[in-house]
Amino acid sequence: QSDYLLFIPFCIAFAESFIEKTGFALGWFNDTHRPYFNYFRIGQETFNVIYSFVLIFAAYRLILKTDKKPFTGKSALPRLQLKWLKTITIILFCLCVYWIVPLYYEFQFKIDTAVVFFYILWIGLSLTIYTLGHFGLYHFGIYQEQKNIHKLAASRSTIIPKETVFPKNEHLVAFEKFIRQEKNFLNSNLSLEWAAENLGINKSHLSRIVNAELGKSFTDYVNELRVEEAKSYLDNPEFSNYTMAAIGLEAGFNSKTAFNTAFKKITGLTPTQYVGQRK
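This report concerns the structure included in the present document. Only a predicted model underlies this, so the values are computations on that prediction, with no experimental measurement involved.

Moving on to unusual backbone geometry. Excluding glycine, most residues fall at negative phi; most peptide bonds, likewise, are trans. Although it is not a glycine, Phe109 sits at a positive phi angle of roughly 60 degrees. For Phe109, the position within the fold is in the loop between helix 3 (83-107) and helix 4 (111-155). Phi is positive for Lys183, close to 60 degrees, though the residue is something other than glycine. Mapped onto the fold, Lys183 is located in the loop between helix 5 (170-181) and helix 6 (192-199). For Lys183, a relative accessible area of 11% translates into the label buried.

This is how it looks when you write it as structure tokens:
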């Protein structure tokens, strides 16, 4: 129900405008009353600026909180990609800071000057809202595709590379279980530091073990698993019309670019070329 509080500025502005327009039309008010409405609008504008700062701060905190939620490969829903939303929120914050400039001129009753700065603010806000809508719809579409892919991934058994035989090193056994069997390679925020922390192993020691016993770096090992995961989606006719972005993100990559780069490094082909070759 707290969502209804978001309509407070609109309700106040609508009530003020309705009373002012109706009052002057019906002769309840005359020119001597105009300064009072001007003062009210300045006060309302000040409230809007403060209210917007509060909302943007709360939204950014919520984004950070969501982004830091513990990952589990067995989650019922795919992980949201929020970097673009963070950027939009920062832009909105900058626009709110700029909003103070025309507000200052309103306090000085330099309305014509204030209007010029308001035009710049309105243009910036319009472009930001358009961008938010465009990327919002784009990422919503990707997220819906991820959900469908996620259902398939949840129903399949864990990926086990053909040559996999658990080594005797207990730390590597724990590492492979954590990365592969628990599907933490699907976490786009996975890092050597995070893995070492969860396993209670020194980061440098874990890196040496992976390099010595697996013959590859931590990043290469994780990316190979991710590429195999992505190939299982690309090979599935059910996902033939899905975007490469959705497939890459669901396989654990944090962007389409990272997906393309790793896929080509490991297979010698881009994901698109790989699909085309199968056809």
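The way to describe two aromatic rings as a pair is by their centre distance and the angle between their planes. A full pass over the atoms with the stated rule returns 21 aromatic pairs. Measuring from ring centre to ring centre gives 5.5 Å for Phe118 and Trp122, while their planes differ by 20 degrees; the resulting arrangement is stacked. Pair noted here: Phe118 and Trp122 are both in helix 4, with a separation of 4 residues, about one helical turn. Relative accessible area serves as the criterion here: at 6%, Phe118 is assigned to the buried category. Taken together, the ring pairs in this structure connect Tyr98, Tyr104, Tyr105 and Phe117 into an aromatic cluster. Here Arg34 stacks its cationic end above the ring of Phe24, 4.2 Å away from the centre of that ring. Its end group placed over the ring of Phe253, Arg226 keeps NZ or CZ at 5.8 Å from the ring centre.

All right, on to a nonpolar patch on the surface then. The grouping of Tyr4, Leu6, Phe7, Phe10, Phe14, Phe18, Ile19 and Leu55 at the surface amounts to a nonpolar patch, some 920 Å² of accessible area in total. Here the nonpolar patch gets 4 residues from one element, more than from any other, and that element is helix 1 (residues 8-25). The topology assignment puts Phe14 in helix 1.

Okay, the side chain of Thr89 next. Assignment of secondary structure puts Thr89 in helix 3. Within the structure, the side chain of Thr89 is placed 2.7 Å from the backbone oxygen of Leu85, a separation counted as a polar contact.

Counted under the stated rule, the structure contains 8 salt bridges. Residue Arg180 is joined to Glu176 by a salt bridge in which the shortest nitrogen-to-oxygen separation is 3.2 Å. Here Glu176 and Arg180 lie together in helix 5, a separation of 4 residues that amounts to about one turn. With relative accessibility at 1%, the residue Arg180 sits in the buried group. By relative accessible area, which is 4% here, Glu176 ends up buried. A salt bridge links Lys216 to Glu224; its shortest N-O distance comes to 2.8 Å. A cluster of three or more residues bridged by salt bridges with shared partners is formed by Glu16, Glu20 and Arg41.

Cut-offs applied
Residues numbered from 1 in each chain as written. Predicted model: local features only at pLDDT ≥ 70, side-chain atom pairs only at ≥ 80, totals over all residues. Heavy atoms only, no water. Helix = DSSP H or I, 4+ residues; strand = E, 2+ residues; numbered from the N terminus. Buried < 20%, exposed > 50% of the residue type's maximum accessible area, 1.4 Å probe, protein only. Phe/Tyr/Trp six-rings, centres within 6.5 Å; stacked < 30°, edge-to-face > 60°. Lys NZ or Arg CZ within 6 Å of the ring centre and 35° of its normal. Patch = residues over 30% accessible without salt bridge, like charges linked within 9 Å, V, L, I, M, F, W, Y side chains within 5 Å. Areas by Shrake-Rupley, 256 points an atom, 1.4 Å probe, with all protein chains shown as cover. Salt bridge = Lys/Arg side-chain N within 4 Å of Asp/Glu carboxyl O. Polar contact = N/O pair within 3.5 Å; in protein donor to acceptor, adjacent residues only side chain to side chain.

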